[in-house]
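Okay, here's what each chain looks like letter by letter:
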Amino acid sequence: MKGLRIKLFSSIAIFVLLLMLIIVGVWATTPPQAINISGDVVFSIDDRTLYIKNIRVREANDLQGEGTTIDDFQPGFIDGAISIDVGSDYVATTSFTLYFDIVNTSNITYEASTSSVISNAHVSASGVINGDSATLSNVANEEISGIIALTITVDTASNISLDGIVININEV
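Presented here is an overview of the structure given in this document.

Examining the pattern of salt bridges
Under the defined criterion, the tally for this structure stands at three salt bridges. In this structure, arginine 56 engages glutamate 66 in a salt bridge whose closest nitrogen and oxygen atoms are separated by 3.7 Å. One end of the pair, arginine 56, is in strand β2 (residues 50–59); the other, glutamate 66, is in the loop between β2 and β3 (68–69), and ten residues separate them in sequence. For aspartate 101, the salt bridge identified is with arginine 56, shortest N-O distance 2.7 Å. One end of the pair, aspartate 101, is in strand β6 (residues 95–104); the other, arginine 56, is in strand β2, with 45 residues separating them in the sequence. By relative accessible area, which is 9% here, arginine 56 ends up buried.

So, in structure tokens, the structure goes:
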């Protein structure tokens, strides 16, 4: 009887050990959760003096990088909302920054901020856009006047909607 108990206990112990190894193996090979980013970012200025030349995405763990350019973004003047669909191709961490490279065709210097709140995330915006009076006829080839950094830190990796984010553009 004692031998039967030992065999039963050994069988159970081996089963539990194998189950734990399988769980750890699956956990170790599961890719990290990604953030899926999409939605409309609204700018409080729509006088068509600020031209968005480029939008880049930088993950929080990329401390030295310039960010990855969003390939399907079409440059243009800020005229209300900018629709952004980053998907999950660029971001695998729970914090990222969208960089808006701006050309200013006016002589007014602007500053960016936000007080927006979106679910499952913390949002901040900053940046100064110099009044460079860039040439309208050749705006796409002008040097950038400033960068607006929109930083979003999420509580958990998930689908993040940028809807509801308003970047305030104020004269300095």
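Having put the structure on the table, let's press on.
Comments concerning the nonpolar core
Residues Phe43, Ile84, Leu98, Phe100, Leu150 and Ile167 are the most contacted members of the largest nonpolar core, which totals 35 residues. Put simply, the parts of the chain that give this core at least two residues each are β1 (36–43), β2, β5 (81–87), β6, β7 (110–113), β8 (121–126), β10 (146–154) and β12 (165–171). Residues within four places of phenylalanine 100 in sequence aside, it is in contact with Phe43, Ile52, Asn54, Ile55, Ile84, Gly146, Ile147, Ile148, Leu150 and Ile167. One finds Tyr51, Phe77, Ala134 and Val139 within the second-largest nonpolar core, a separate group that totals five residues.

Observations concerning the environment of valine 172
Topologically, valine 172 is positioned in the segment after β12. Each C-alpha atom, one on valine 172 and one on isoleucine 129, is 9.4 Å from the other, the two residues being 43 residues apart in sequence. With residues up to four places along the chain from it excluded, the contact list for valine 172 reads Thr109, Tyr110 and Glu111.

Comments concerning a nonpolar patch on the surface
Where nonpolar side chains cluster on the molecular surface, the patch consists of Leu8, Ile12, Phe15, Val16, Leu19, Met20 and Ile23 and spans about 700 Å² of accessible area. When you line up the elements, phenylalanine 15 lands in helix α1 (residues 2–29). By relative accessible area, which is 56% here, phenylalanine 15 ends up exposed.

Here is what the cut-offs are and how they apply
Residues numbered from 1 in each chain as written. Predicted model: local features only at pLDDT ≥ 70, side-chain atom pairs only at ≥ 80, totals over all residues. Heavy atoms only, no water. Salt bridge = Lys/Arg side-chain N within 4 Å of Asp/Glu carboxyl O. Helix = DSSP H or I, 4+ residues; strand = E, 2+ residues; numbered from the N terminus. Buried < 20%, exposed > 50% of the residue type's maximum accessible area, 1.4 Å probe, protein only. Core = buried A, V, L, I, M, F, W, Y, C linked by side-chain atoms within 4.5 Å. Contact = heavy atoms within 4.5 Å. Patch = residues over 30% accessible without salt bridge, like charges linked within 9 Å, V, L, I, M, F, W, Y side chains within 5 Å. Areas by Shrake-Rupley, 256 points an atom, 1.4 Å probe, with all protein chains shown as cover.

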